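One-letter residues, chain by chain:
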Amino acid sequence: LKNKTMKGLSIVGSSRANGERDKNDFYPTPHYVVKELLKREKFEGEIWECACGEGDICEVLIDYGYKIRSSDLIDRGYGIKEDFFMSNYKSDNIITNPPYKNALEFILEAKKKSRKKIAMFLKTVFLESEKRKLMFQDTEFPLKKVYQFSKRVTLYKGGVKMKNSGMIAYAWFVWDKEHKGKPLIDWI
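Residues numbered from 1 in each chain as written. Predicted model: local features only at pLDDT ≥ 70, side-chain atom pairs only at ≥ 80, totals over all residues. Heavy atoms only, no water.

A closer look at the sheet that holds strand E2 (residues 68-72)
Here comes step 1: If you trace the eight strands from one edge of the open sheet to the other, you get E3-E2-E1-E4-E5-E7-E6-E8, paired in mixed fashion. If you trace the sheet from one side to the other, it starts and ends with strand E3 (80-81) and strand E8 (184-187), each paired once.
Here comes step 2: Of the strand pairs in this sheet, strand E1 (residues 47-49) and strand E4 (residues 91-96) are connected by two bridges, and their pairing is parallel. Note on E4: the bridge partner recorded for isoleucine 47 is asparagine 93.
Here comes step 3: Most of the contacts of helix H4 (residues 103-113) go to strand E5 (residues 114-123), to which it runs at about 165°, and overall it touches E1, E4, E5 and strand E7 (170-176). (Pairing = 2+ DSSP bridges. Helix = DSSP H or I, 4+ residues; strand = E, 2+ residues; numbered from the N terminus. Contact = heavy atoms within 4.5 Å. Axes fitted to C-alpha atoms, helices over the stretch in contact; angles between N-to-C directions.)

Focus: unusual backbone geometry
Backbone phi values are negative for most residues with the exception of glycine, while trans is the configuration of most peptide bonds.
Here comes step 1: Unusually for a residue other than glycine, serine 129 sits at a positive phi of about 150°.
Here comes step 2: Within the element layout of this structure, serine 129 appears in the loop between E5 and helix H5 (130-136).
Here comes step 3: Residue serine 129 is classed as partly exposed on the basis of its relative accessible area, which comes to 29%. (Buried < 20%, exposed > 50% of the residue type's maximum accessible area, 1.4 Å probe, protein only.)

Observations concerning the confidence of the model for the chain
Here comes step 1: The pLDDT averaged across the chain works out to 87; a share of 81% of its residues lies at or above 70.
Here comes step 2: Under a pLDDT of 50 for its full length, residues 4-18 has, in the predicted model, 31 contacts with residues more than four places off or in other chains. (pLDDT = per-residue confidence, 0-100.)

Structural notes on the pattern of salt bridges
Here comes step 1: Under the defined criterion, the tally for this structure stands at 11 salt bridges.
Here comes step 2: Of the charged contacts, one joins glutamate 41 and lysine 144 as a salt bridge, the two residues approaching to 3.0 Å between their closest N and O atoms. Note that glutamate 41 is positioned in the loop between helix H2 (31-40) and E1 and lysine 144 in strand E6 (residues 143-148), a separation of 103 residues in sequence.
Here comes step 3: You can call glutamate 41 buried: its relative accessible area is 1%. (Salt bridge = Lys/Arg side-chain N within 4 Å of Asp/Glu carboxyl O.)

Observations concerning the packing of aromatic side chains
Here comes step 1: Summed over the entire model, instances satisfying the criterion amount to 15 aromatic pairs.
Here comes step 2: Seen in terms of ring centroids, phenylalanine 84 and phenylalanine 106 are 5.2 Å apart; in terms of plane orientation they differ by 15°. Their pairing is stacked. Taken as a pair, phenylalanine 84 in the loop between E3 and E4 and phenylalanine 106 in helix H4 lie far apart in primary sequence, 22 residues in all.
Here comes step 3: Phenylalanine 84 sits in the buried class, given a relative accessible area of 2%.
Here comes step 4: Between phenylalanine 121 and tryptophan 172, the aromatic rings sit 5.3 Å apart at their centres with planes inclined by 55°, giving tilted as the arrangement. Of this pair, phenylalanine 121 sits in strand E5 while tryptophan 172 is found in strand E7, placing the two residues 51 residues apart along the sequence.
Here comes step 5: Ring pairs connect the aromatic residues Trp48, Phe84, Phe85, Tyr89 and Phe106, which therefore count as one cluster.
Here comes step 6: If you follow arginine 69 out to its NZ or CZ, it ends over the ring of tryptophan 48, 5.0 Å from the centre.
Here comes step 7: One residue, arginine 132, lies across the ring of phenylalanine 126, its end atom 4.2 Å from the ring centre. (Phe/Tyr/Trp six-rings, centres within 6.5 Å; stacked < 30°, edge-to-face > 60°. Lys NZ or Arg CZ within 6 Å of the ring centre and 35° of its normal.)

Below, the structure is given as structure tokens:
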């Protein structure tokens, strides 16, 4: 039964070698995921990657010519060590793959610290929840678009590749202060 349980955990994309999520929810973002966002969205001004990990998102943004600020609560040798929630810094835009267990809190904080746009890489199931419904109905910093990945994205615990293939659906969620109307959905 243990082997079936571990295989099941692997199949759903958790990459849990011991049945536990990474302590700090560190699942690096594949470069192609960021490139797909940048094919569809343009960002004016500086971008803050506030959960930068080892710089996976940042490196793509730099390659595309964006000015970035990178920080993370955990020092992984990239960016500055900083608690996003304690920082007084503000930026034009925020792009990140937040720790999923704190995703709502990251979005609410980003809405206070971003002047233009926010892009968060999240599980598609993030759309579900009575707790998040009010945040999605915000008209001051509204959800503009959800870019749903047609092919499942595999994220690896701590960036260590395993045999598994992701079974969790992911999307980019983009908020834009200038957006008027209902959010739209598009596919990658």
